Amino acid sequence: MVVDSTLRLYLFSFLSISSFIILLLSSSHAQVQALKYCDKNADYSVKVSGVKILPNPVVRGEPFTFKIAAYTDEPIQSGDLIYEISFVGVEAPPAIFHHDLCEESSCPVSAGNFLLIHTELLPSYTPPGTYNVKLTFKDQNDKQLSCIIFPFKIGAGSSVSAI
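Residues numbered from 1 in each chain as written. Predicted model: local features only at pLDDT ≥ 70, side-chain atom pairs only at ≥ 80, totals over all residues. Heavy atoms only, no water.

Novice: Before we move on, can you summarise the nonpolar core with the specific residues and values?
Specialist: Counting residues in hydrophobic clusters, the biggest one holds 27 residues, and the most contacted among them are Phe-66, Ile-68, Phe-137 and Phe-152. Of all the secondary structure elements, the ones that give two or more residues to this core are β2 (46-54), β4 (63-72), β5 (79-87), β7 (112-121), β8 (129-139) and β9 (144-158). Once you skip the residues sitting within four places of it in the chain, Phe-66 turns out to touch Lys-52, Ile-53, Tyr-83, Leu-116, Ile-117, His-118, Val-133, Phe-150 and Phe-152. (Core = buried A, V, L, I, M, F, W, Y, C linked by side-chain atoms within 4.5 Å. Buried < 20%, exposed > 50% of the residue type's maximum accessible area, 1.4 Å probe, protein only. Helix = DSSP H or I, 4+ residues; strand = E, 2+ residues; numbered from the N terminus. Contact = heavy atoms within 4.5 Å.)

Structure follows, in structure tokens:
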């Protein structure tokens, strides 16, 4: 019966590894791969480790969420998040949205890892395509803590039907 237990161990290992790979692949569609800092030489006090966009691509006329994983060495009492959204390939001023840090994370933000969660609703007439988001993170004294740029896509589909 050694063969039977070896076969079971092999099958268990195979299924575990397969499940892990499937989970990794299925969750990676929401992970933004092209995250970059605005100034690659700056020593930002808030380090961003990743951005997830759900759903990805964004659906016009339906809410979507940015989940931004970050780290800080020191607590942050309060601050502002400035989102500048521009349509890739179009020379026009970006749409600018100001949000209070305490609306997107618990304040004060403790030293260590934290998560910013921003949910937005795009109008159904928003043009599909690729957009860039420039996110500037400032503290209560207007000191820049971080600045990142990442792309996101708005799909051609919409949950709003024309009559």
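Novice: Just give me the short version of the pattern of salt bridges, but keep the residues and values in it.
Specialist: Here the structure, examined in full by the defined rule, presents two salt bridges. The shortest N-O distance in the salt bridge between Asp-43 and Lys-47 comes to 3.1 Å. Overall, the relative accessible area of 35% leaves Lys-47 in the partly exposed class. Across the pair Asp-142 and Lys-138 runs a salt bridge, and its minimum N-O distance is 3.8 Å. The exposure class of Asp-142 is exposed, given its relative accessible area of 52%. (Salt bridge = Lys/Arg side-chain N within 4 Å of Asp/Glu carboxyl O.)

Novice: Lay out the pairing of β5 in plain terms, naming residues and giving numbers.
Specialist: Of the strand pairs in this sheet, β5 and β8 are connected by nine bridges, and their pairing is antiparallel. From the neighbouring strand, Gly-79 faces β8, where its bridge partner is Asp-139. Judged from the six bridges that link them, β5 and strand β6 (residues 95-100) form a sheet pairing that is antiparallel. Counterpart to Glu-84 in the pairing with β6 is Ile-96. (Pairing = 2+ DSSP bridges.)

Novice: Go over the state of the cysteines, please, and point to the residues and values.
Specialist: Evaluated as defined, the whole model comprises two disulfides. Each disulfide pairs two cysteine sulfurs, and for Cys-102 the partner residue is Cys-107, the sulfurs being separated by 2.1 Å. Residues Cys-102 and Cys-107 are joined through a disulfide that is left-handed, its torsion about the S-S bond being -100°. On the basis of relative accessibility, which here comes to 36%, the residue Cys-102 falls in the partly exposed class. (Disulfide = S-S within 2.5 Å.)

Novice: Which residues make up the confidence of the model for the protein chain, and what values go with them?
Specialist: For the protein chain, per-residue confidence averages 81 on the pLDDT scale, and residues scoring 70 or more make up 75% of the total. Averaged pLDDT values for the elements of the protein chain fall to 38 in helix α1 (residues 2-28) and rise to 96 in strand β1 (residues 36-37). In this model residues 5-32 is a low-confidence stretch, pLDDT under 50, and it forms 14 contacts with partners more than four residues away in sequence or in other chains. Confidence drops under pLDDT 50 across residues 159-163; counting only partners more than four residues distant or on other chains, this segment forms six contacts. (pLDDT = per-residue confidence, 0-100.)

Novice: Tell me about the side chain of Arg-60, and please be specific about residues and values.
Specialist: Tracing the backbone shows Arg-60 in strand β3 (residues 58-60). Only 3.2 Å separates the side chain of Arg-60 from the backbone oxygen of Thr-126, close enough to count as a polar contact. (Polar contact = N/O pair within 3.5 Å; in protein donor to acceptor, adjacent residues only side chain to side chain.)

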